[in-house]
Amino acid sequence: MPEQKKTYRVLIGKPGLDGHDRGAKFIARALRDAGFEVVYTGIRRTPEEIAAAAVQEDVSAVGLSLLSGAHMSLFPAVVRALRNAGAGDIPVLGGGIIPDEDIGPLKDSGINAVYTPGTPVDKIIAAFRSACESQEAGRT
Amino acid sequence: MKSEHILKGLRDRDPRGIARAISLVEENDPLSDEILASLDDSLVDQAMVLGITGPPGAGKSTLTDRIITKYRSQGRRVGVIAVDPSSPISGGAILGDRIRMMGHALDHDVVVRSMATRGRLGGLCAAAGAAMRILAGSGCSVIIIETVGVGQSEMDIIRLADITSLVLAPGLGDDIQAMKAGLLEVADILIVNKADCAGAETLAMDMEAIAREGVRKEKVETKVCMTVASEGKGINELLAAIEAVDASHRESGERRIRREKAYDLEVLDWALELIKPSIIEKIGKWDHDRKGAPRLQAARLLAQE
Ligand SMILES: Nc1nc2c(ncn2[C@@H]2O[C@H](COP(=O)(O)OP(=O)(O)OP(=O)(O)O)[C@@H](O)[C@H]2O)c(=O)[nH]1
Ligand SMILES: [Mg+2]
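Just so it is clear, the model here is predicted, and its values are computed rather than measured.

J.: How do you make sense of the overall build of chain B when you look at a structure like this?
T.: Within chain B, the regular secondary structure consists of 13 helices and eight strands. Long-range contacts, defined as pairs at least 24 residues apart, comprise 76% of the intrachain contacts of chain B with a sequence gap of at least 6. When the accessible area of chain B is evaluated, it comes to approximately 14,700 Å², of which 54% is carbon and sulfur surface.

Okay, here's the thing in structure tokens:
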């Protein structure tokens, strides 16, 4: 495990109605084991609640996990809620059962990266790290 | 520019400004001193800092959520510092206390900040103390500090609090035995949560007995409260107990004494933190035989110019 100089804070949220948080918890633990401080918000949160928590916790990135299929509306809604909260600079990464053809449009709507089941966890951690690095670099 | 931006955000009680300020002090940013100096000391003096500690899963966060609701209904602005341990291996942490408090997420007058211990108790106190000041300085008149506490090592954190409550629940087994000696002595209020579960009555009776036994000189008897945090039961009584302890501490001068002690200990933490690098440097340069008692060597090292 490479030594991480700066301790990054990230938030893992689960918007929408599905109650399966195994994926979210798996990522949260993997990030912790990679040296991140991970705020977990629990299941069934609105995009506004997730954005408000991300602001209060001053995280450098938000990770969303969703299995219900509502990613096309909920992921962009979190991006919008962050912008409305004056935190549009916080990158949003999304994971879940997401068809390939949705990935492009999600990225167009402001999602930083999208991961589907089977993505190696190291790749996800690296994506969080680089998202955090660029967010912090842009801080004023 | 950066400093003005953040100081303005803090002054305006902008959620992002407050959050950034806490991060900067947590990271020992050069701006920390300026941030802390900008705060209104009278607000910091007046705020009530309530410590909630107890073993994992006792219901601390659920209880905190209920206490927030009560104080909000009184129109008070509430700050929460929820502390979880950092992993000693990776340095990372999962901060999950907020899950129970998400019902307040959209309320700008409830400011919740999760913090990891970052492996250094003194460091935590420095950061938690600073976070407490920032929350108070930004208008929170009640500040709740939640920490996992199963022994005396966690008392460092609690020393920041004006009032300390210890949350227990039936079925936590040996933890309670281990704690009797430590935290029970510093707790102002003992909370038996999960009063809906078997064994709560017995636990409460045990606690009552300990509270009577442990009455410290010139100190009001430790109050025992029973709650069902998940159902919001017993919270009014708990708040009454908190208010009573607070009033008595203010009147007796205990509150001021604790604040002074906490402040001095924070200064001590910082003094040790500041002196450490120079000692490490001295040890690195020191040509010695590595024999005899290390304590004696340390004394010699410090005596050396
Ligand atoms: N039956 C019952 N369950 C409760 C009560 N209070 C809390 N719980 C449950 O106990 C579990 C732990 O509650 P938390 O509030 O997270 O406990 P905690 O002490 O903050 O836990 P850590 O922060 O992990 O140490 C949750 O599932 C709660 O719903 C109660 O009064 N009765
Ligand atoms: Mg908790």
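J.: Can you help me understand the sheet that holds strand S5 (residues 142-148) of chain B in this one?
T.: Strands in a sheet are paired, the pairing made by backbone hydrogen bonds, and the direction either parallel or antiparallel. All names here are of chain B. With parallel pairing, seven strands are arranged side by side in an open sheet as S4-S2-S5-S1-S6-S7-S8. Of all the strands in the sheet, the pair left with one neighbour each is strand S4 (110-116) and strand S8 (223-226). Ignoring strand direction, the axes of neighbouring strands in this sheet form an average angle of 20°. Relative to strand S6 (residues 163-168), strand S1 (residues 48-54) runs parallel, the two sharing four bridges. Bridge pairing in S6 places Gly51 opposite Thr164. Here helix H10 (residues 200-213) sits on the sheet and contacts S6, strand S7 (189-192) and S8; the angle it forms with S8, its principal contact strand, is near 170°.

J.: So what exactly am I meant to see when it comes to unusual backbone geometry here?
T.: It is generally the case that most residues other than glycine have a negative phi and that most peptide bonds are trans. Residue and element names in this part refer to chain B. With a phi angle near 60°, Arg13 is a residue other than glycine that sits in the positive phi range. Summarising the element assignment, Arg13 is placed in the loop between helix H1 (2-11) and helix H2 (15-26). When its relative accessible area of 39% is taken as the criterion, Arg13 is described as partly exposed. Positive phi is not limited to glycine here, since Arg290 has a value of about 55°. If you trace the backbone, Arg290 turns up in the loop between helix H12 (254-285) and helix H13 (294-303). For Arg290, a relative accessible area of 68% corresponds to the exposed category.

J.: Help me out: how do you make sense of the environment of Phe36(A) in this one?
T.: The topology assignment puts Phe36(A) in the loop between helix H1 (22-33) and strand S2 (37-40). A sequence separation of 89 residues divides Phe36(A) from Ile125(A), and the C-alpha atoms of the two residues are 9.3 Å apart.

J.: I tried to follow the nonpolar core on my own but got confused; where do I start?
T.: Soluble globular proteins tend to pack their nonpolar side chains together in the buried interior. Among the nonpolar cores identified, the biggest contains 31 residues, and Ile35(B), Ile81(B), Ile134(B), Leu135(B) and Ile143(B) are the most heavily contacted of them. Those elements giving two or more residues to this core turn out to be H1, H2, strand S2 (78-84), S4, helix H6 (121-137) and S5 of chain B. Per element, the largest residue contribution to this core is eight residues, and it comes from H6(B). The contacts of Ile143(B), once residues within four sequence positions are left out, are Ala47(B), Met48(B), Val49(B), Leu50(B), Gly79(B), Ile81(B), Met132(B), Leu135(B) and Ala136(B). The next biggest cluster of nonpolar side chains, apart from the first, holds 30 residues, and it includes Val78(A), Val92(A), Leu106(A) and Ala93(B).

Conventions used here
Residues numbered from 1 in each chain as written. Chains lettered and ligands numbered in written order. Predicted model: local features only at pLDDT ≥ 70, side-chain atom pairs only at ≥ 80, totals over all residues. Heavy atoms only, no water. Helix = DSSP H or I, 4+ residues; strand = E, 2+ residues; numbered from the N terminus. Contact = heavy atoms within 4.5 Å. Areas by Shrake-Rupley, 256 points an atom, 1.4 Å probe, with all protein chains shown as cover. Pairing = 2+ DSSP bridges. Axes fitted to C-alpha atoms, helices over the stretch in contact; angles between N-to-C directions. Buried < 20%, exposed > 50% of the residue type's maximum accessible area, 1.4 Å probe, protein only. Core = buried A, V, L, I, M, F, W, Y, C linked by side-chain atoms within 4.5 Å.

Purely spatial values, then, with no claim about function.
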